[in-house]
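Breakdown of the fold
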Amino acid sequence: MSGLRIVLLGPMGIGKTTAIRSLCGNVMVDCDVPNMDPSSSAKASTTVGADFGVVDLGNGEQLHIYGSPGQDRFDFMRNWLISIAIGVIVMVDANEPDAVDMAEQYVRTVLSFSEAMPCMLLLARPVSAEISNRFSSLLADKLGVAVPVITADVREKLQMLDALDIFSPLMLTT
Ligand SMILES: Nc1nc2c(ncn2[C@@H]2O[C@H](COP(=O)(O)OP(=O)(O)OP(=O)(O)O)[C@@H](O)[C@H]2O)c(=O)[nH]1
Ligand SMILES: [Mg+2]
C-alpha cells in the first residue's frame, strides 16, 4: 500500500493534533508535552516534533498525515515536513484579525517548495458565511490564485473525513 503524505500546518492551538486524533483515534503518534509558553496559547499541551497518523482511503491508498508543531521555534521541522509532503492543509481561525495574513504566509511558504503543491485552507473554528467569503476573497487577492477554503470542526471525525474527501482528489490529479 502506498502512502500519500499530507501535512497539517497552522498556529499553536488551532487543532492539528486534535484533527489527527479525530481521524486516527489511538492509532496515532503524538508528540505533545506540557505547554511551557502559556502566553502564546493557554492550552495544557503542545506538539514538539511531528504528530503522525494513517487514514485508509479504502481504494488501496493510505494517507499519512503529519501535524507540524505550531510554535515558531520549530520552523525547521515545518519546512522538512513540507519538503516531504505531496499536499498541505493550512489551518486558521478566520475570526482572528490576522487570519488572512497568516494564511498567506503559510501558503507562500508551501508554494516556495513547489508551485504545484496542492494546498487547501481549513477554517478550524465556527465562522459566519460573511467572514468565510471575505477571508477567501482577500486571500485570493493577496496570493493572485484561488485556494480552496473549507470549514470543519477538527473534533469531529466525519467532518475531518469529509475534508480529506475534498482534498484527496486535488492531490491525486497533480
Ligand atoms: N471551543 C472550541 N474548541 C476547539 C474547536 N476546535 C478545536 N478546539 C480545541 O482546540 C484545541 C486544539 O489543540 P491542539 O489540537 O493540541 O492544537 P495544535 O494545533 O496541535 O497545537 P500545537 O501542537 O501546540 O501547535 C483542543 O483543545 C480542541 O478541543 C472549536 O471549534 N471550538
Ligand atoms: Mg499539536
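Our structure is the block above this text.
Residues numbered from 1 in each chain as written. Chains lettered and ligands numbered in written order. Predicted model: local features only at pLDDT ≥ 70, side-chain atom pairs only at ≥ 80, totals over all residues.

**Here's the deal with the nonpolar core**
Ranked by size, the top nonpolar core spans 44 residues in total, and within it Val88, Val90 and Val92 carry the most contacts. Broken down by element, the residue count for this core peaks at six residues, all from helix H3 (residues 99-113). The residues contacting Val92, other than those within four sequence positions of it, are Gly10, Ile14, Ala99, Met102, Ala103, Leu121, Leu123 and Ala124. (Core = buried A, V, L, I, M, F, W, Y, C linked by C-beta atoms within 7 Å. Buried ≥ 20, exposed ≤ 12 C-beta atoms within 10 Å, placed from the backbone. Helix = DSSP H or I, 4+ residues; strand = E, 2+ residues; numbered from the N terminus. Contact = placed C-beta atoms within 7 Å.)

**Some words on the site of ligand 1**
Near ligand 1 you find 20 residues, and of these Thr17, Thr18, Thr46, Thr47 and Gly70 are the closest. Looking at the shell around ligand 1, the elements that each hand over two or more residues are helix H1 (16-24) and strand S4 (45-47). Looking at the shell around ligand 1, the element that brings in the most residues is H1, giving three residues. Considered class by class, the residues forming the shell around ligand 1 number six nonpolar, nine polar and five charged. (Near = placed C-beta within 6 Å. Nonpolar A, V, L, I, M, F, W, Y, C, P; charged D, E, K, R; others polar.)

**Considering the packing of H1 against helix H5 (residues 157-172)**
Following both chains from N to C, one finds H1 and H5 inclined at 95°, their axes separated by 8 Å at the closest point. Taken together, the axes of H1 and H5 lie roughly perpendicular to each other. Residues Ala19, Ser22 and Leu23 of H1 pack against Lys157, Met160 and Leu161 of H5. Per-class residue counts for the contact of H1 with H5 are four nonpolar, one polar and one charged. (Axes fitted to C-alpha atoms, helices over the stretch in contact; angles between N-to-C directions. Parallel < 35°, antiparallel > 145°, perpendicular 65-115°, else oblique.)

**Here's the deal with the environment of Ser41**
Inspection of the secondary structure assignment puts Ser41 in the loop between strand S3 (32-34) and S4. You can call Ser41 partly exposed: it has 16 C-beta atoms within 10 Å. Distance in space between the C-alpha atoms of Ser41 and Gly53 is 24 Å, their sequence separation being twelve residues. Not counting chain neighbours up to four residues away, the residues in contact with Ser41 comprise Met12, Gly13 and Asn35.

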